[in-house]
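Residue-level listing of the chains:
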2 protein chains.
Amino acid sequence: MIKKFTFNSQNILNELPSCDREFLENIMVDKKYRKNQPIFTESTLPSGIFYMQSGKVKKYKMDNDGREQIIYIYNAGEFFGYSSVLSESSYGDTTVAIENSVISFITIKDFNEILKASSSFSRLLLKSLSHEFSVLANLMAVLSQRTVRERVALNLLILHNKYKVDNKPNTYIMLSRSDLANMAGTVVETLARVLHDFKHDKLISTDGRKIELLKIERLIQVANFY
Amino acid sequence: MIKKFTFNSQNILNELPSCDREFLENIMVDKKYRKNQPIFTESTLPSGIFYMQSGKVKKYKMDNDGREQIIYIYNAGEFFGYSSVLSESSYGDTTVAIENSVISFITIKDFNEILKASSSFSRLLLKSLSHEFSVLANLMAVLSQRTVRERVALNLLILHNKYKVDNKPNTYIMLSRSDLANMAGTVVETLARVLHDFKHDKLISTDGRKIELLKIERLIQVANFY
DNA sequence: TCTAAAATTTGATTTAAATCAAGTTTTATC
DNA sequence: GATAAAACTTGATTTAAATCAAATTTTAGA
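What counts and how
- Residues numbered from 1 in each chain as written.
- Chains lettered and ligands numbered in written order.
- Predicted model: local features only at pLDDT ≥ 70, side-chain atom pairs only at ≥ 80, totals over all residues.
- Heavy atoms only, no water.
- Core = buried A, V, L, I, M, F, W, Y, C linked by side-chain atoms within 4.5 Å.
- Buried < 20%, exposed > 50% of the residue type's maximum accessible area, 1.4 Å probe, protein only.
- Contact = heavy atoms within 4.5 Å.
- Near = heavy atom within 4 Å.
- Polar contact = N/O pair within 3.5 Å; in protein donor to acceptor, adjacent residues only side chain to side chain.
- Helix = DSSP H or I, 4+ residues; strand = E, 2+ residues; numbered from the N terminus.
- Nonpolar A, V, L, I, M, F, W, Y, C, P; charged D, E, K, R; others polar.
- Buried area = accessible area lost by both parts, 1.4 Å probe.
- Salt bridge = Lys/Arg side-chain N within 4 Å of Asp/Glu carboxyl O.
- Phe/Tyr/Trp six-rings, centres within 6.5 Å; stacked < 30°, edge-to-face > 60°.
- Lys NZ or Arg CZ within 6 Å of the ring centre and 35° of its normal.
- Domains from an automatic or database assignment.

Going by an unreviewed UniProt entry, chain A carries the name Crp/Fnr family transcriptional regulator and comes from Bizionia saleffrena.

Here it is in structure tokens:
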């Protein structure tokens, strides 16, 4: 089951033939973003695509009442922002760094060039997008049909894998309560209550914003999702 | 706004260079599916990909309690089922014909071949998947944060565009109440009440399973979504 | 066309989660 | 390290939507 949420995106570029990888590395320009800085905004137009070198970025949609629904969290090794370039339309969502991050930029021109030249690259993008899609589909099924308790449990499991660093034992999630609520599609008060219950049941432990999952198997049961 | 839901998928193959199109047309094998017949099922393995010639197919996920969440409805001119082939994994969702449909099949071998050979084809797939993704993202934001009334309104708008046939004036949606409820992430009883309200407000008219949208602009307002 | 089964609608009641409100803790800045 | 602001938690109340129940309509098969 956990398989669904794991996607070792680290070194994704290694899946490419070396010539394509070198071309990409040459045309990418790095930029630093501090926590809470936006990368692009809903309904503006793209001028290129992005690749996460390090850090984390949230992608969300805002509704008319200002509530945000987080759609995906990008981790090191993932491309993003290419959908609007492909459809030649404006951005349908907003992305904001939730940690200090280093993000590479590729211009539309260069992107189109490599897309045309390298079937490996387009396959890589298709694979990534398929992955994002399946995460979103799973999430949607849970968000629209299940209780807040189940929704929070599922999001904790997804985040656990995002925050997991290979070869390091102590994984903890570090995210504001409001981001967590916006992922689970609930409000902060309800989220606080659910986390309280999970702590009481010894499924998680918290220390400020740090959340550690103590009993993953039990959380999977709570999420009612395999 | 409506732009978001429209995607003239008719003749999508015409976007391809003629050589690619001809190759595809040669390797595709047509098959008829009657209403309610499944095309593939969650957690089985793919042996190829599909292209809708005519009809409609729902894609959904089932949870442990048997509730289904409809993720997308495929119309004529759309490819589907390729994500699992790309990620070399089992299907993450189930697809069932909701109308009598004609669906073409392309084997994994042929699919990989054209994917490698034609950058236009992979670009086409990326574009389609991006579109599906944005529809899903919009939907998720609405499903997880908004009232049932808003959710139903949005889904009616999406369906309206799915059922619209170019050059024909009288568009009506034709779908079971339970499919509609499963799209909006609610139960049939609640759905019936919302449709009743919409009828009372003269936003829609119904005749058995046929639903006609009378005031699209007002429905967009109700959906609270632009 | 008739009939049984399935689907849909309507009503009454319960329940999960949002909202409102107030207090407490954590974070960031001087 | 003190202080203000922001973030978070807990409690009380309201509300939207699910559930339970039953009647009515539609659909499909003989």
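There's plenty left to go through after this.
Caption draft 1: Region of the structure containing the nonpolar core. Judged by nonpolar contacts, the single largest core of 149 residues is most densely connected at Phe79 of chain A together with Phe79 of chain B. When neighbours within four sequence positions are excluded, Phe79 of chain A is seen to be in contact with Leu13, Leu24, Ile49, Phe50, Tyr51, Tyr74, Ile106, Phe121, Leu124, Leu125 and Glu132 of chain A.

Caption draft 2: Focus on the protein's contact with DNA strand C. Residues in close proximity to DNA strand C total 17 residues, the closest being Thr147, Val148, Thr186 and Thr190 of chain A together with Arg177 of chain B. By atom count, sugar and phosphate contribute 73% of the portion of DNA strand C lying within 4 Å of the protein. Taking Thr186 of chain A, its side chain carries an N or O atom lying 2.7 Å from a phosphate oxygen of DNA strand C. Within the contact set of DNA strand C, a base nitrogen lies 3.0 Å away from a side-chain nitrogen or oxygen of Arg193 of chain B. Counting residues per element, the ones that place at least two in the surface near DNA strand C are α7 (188-200) of chain A together with α6 (177-184) and α7 (188-200) of chain B. The element that contributes the greatest number of residues to the surface near DNA strand C is α7 of chain B, accounting for 4 residues. Here the surface near DNA strand C is composed, by residue class, of 3 nonpolar, 7 polar and 7 charged.

Caption draft 3: Local environment of the interface of chain A and chain B. Each partner contributes to the interface: chain A provides 45 residues, whereas chain B provides 44 residues. Summed over both partners, the interface of chain A with chain B comes to about 4,300 Å²; 58% of that surface belongs to carbon and sulfur atoms. Where chain A packs against chain B, one counts 2 salt bridges. Counting every contact that joins chain A to chain B gives 17 residue pairs in polar contact (both at pLDDT 80 or more). Counting only elements with at least two residues in the side of chain A that touches chain B, the list comes to β4 (57-62), β5 (68-74), α2 (82-87), α3 (108-117) and α4 (119-145) of chain A. It is α4 of chain A that contributes the most residues to the side of chain A that touches chain B, 19 residues altogether. Of the residues contributing to the side of chain A that touches chain B, the split by class is 18 nonpolar, 14 polar and 13 charged.

Caption draft 4: Layout of the pattern of salt bridges. Residues and elements named next belong to chain A. Counted by the stated rule, this structure contains 20 salt bridges over all chains. A salt bridge links Lys59 to Glu132; its shortest N-O distance comes to 3.5 Å. Placement of Lys59 in strand β4 and of Glu132 in helix α4 is noted, with a sequence separation of 73 residues between them. Neither Lys59 nor Glu132 differs from the other in exposure class; each is buried. Where salt bridges share partners, they join Lys58, Glu68 and Asp179 into one cluster.

Caption draft 5: How the structure looks around the protein's contact with DNA strand D. Residues in close proximity to DNA strand D total 17 residues, the closest being Arg177 of chain A together with Thr147, Val148, Thr186 and Thr190 of chain B. At the protein interface, 68% of the atoms of DNA strand D within 4 Å belong to sugar or phosphate. A distance of 2.9 Å separates a base nitrogen of DNA strand D from a polar atom in the side chain of Arg193 of chain A. The contact in question runs from a phosphate oxygen of DNA strand D to an N or O atom on the side chain of Thr186 of chain B, over 2.8 Å. Where the surface near DNA strand D is concerned, the elements lending two or more residues are α6 (177-184) and α7 of chain A together with α7 of chain B.

Caption draft 6: Main features of the packing of aromatic side chains. Overall, the coordinates contain 21 aromatic pairs over all chains when judged by the stated rule. Measuring from centroid to centroid gives 6.1 Å for Phe40 of chain A and Phe80 of chain A, while their planes differ by 35 degrees, and the two rings are tilted. Of this pair, Phe40 of chain A sits in strand β2 (residues 38-40) while Phe80 of chain A sits in strand β6 (residues 79-80), and the two are 40 residues apart along the sequence. Here Phe40 of chain A matches Phe80 of chain A in class, with each residue buried. Taken together, a centroid distance of 3.7 Å and an interplanar angle of 10 degrees make the contact between Phe40 of chain B and Tyr91 of chain B stacked. Separated by 51 residues along the polypeptide, Phe40 of chain B in strand β2 (residues 38-40) and Tyr91 of chain B in the loop between α2 (83-86) and β7 (94-97) bring together distant segments of the chain. Accessibility expressed as a relative area gives 6% for Phe40 of chain B, which makes it buried. An aromatic cluster is defined as three or more aromatic residues linked by ring pairs; in this entry it consists of Phe40, Phe50, Tyr72, Tyr74, Phe80, Tyr91 and Phe105 of chain A. One Lys or Arg, Lys56 of chain A, reaches over the ring of Tyr163 of chain A and ends 4.3 Å from the middle of that ring. Against the face of Tyr172 of chain A rests Lys210 of chain A, its NZ or CZ located 4.8 Å from the ring centre.

Caption draft 7: Inspection of the domain arrangement of chain A at higher detail. All names here are of chain A. When cut into domains, chain A gives domain 1 (8-139) and domain 2 (147-223). Taking only C-alpha atoms into account, the centre of domain 1 sits 25 Å from that of domain 2. Every contact between the two is made by 16 residues of domain 1 and, on the other side, 14 residues of domain 2. Together domain 1 and domain 2 conceal approximately 1,200 Å² of surface at their shared face, both sides included; 51% is due to carbon and sulfur atoms. In terms of surface lost to domain 2, no three residues of domain 1 exceed Ile70, Ile73 and Leu139, which account for 35% of the buried area on that side. Our count for the contact surface shared by domain 1 and domain 2 stands at 2 salt bridges. A salt bridge links Lys58 to Asp179; the nearest nitrogen and oxygen atoms lie 2.7 Å apart. Summed over the shared surface of domain 1 and domain 2, the result is 7 residue pairs in polar contact (both at pLDDT 80 or more). Broken down by element, the residue count for the side of domain 1 that touches domain 2 peaks at 5 residues, all from β5.

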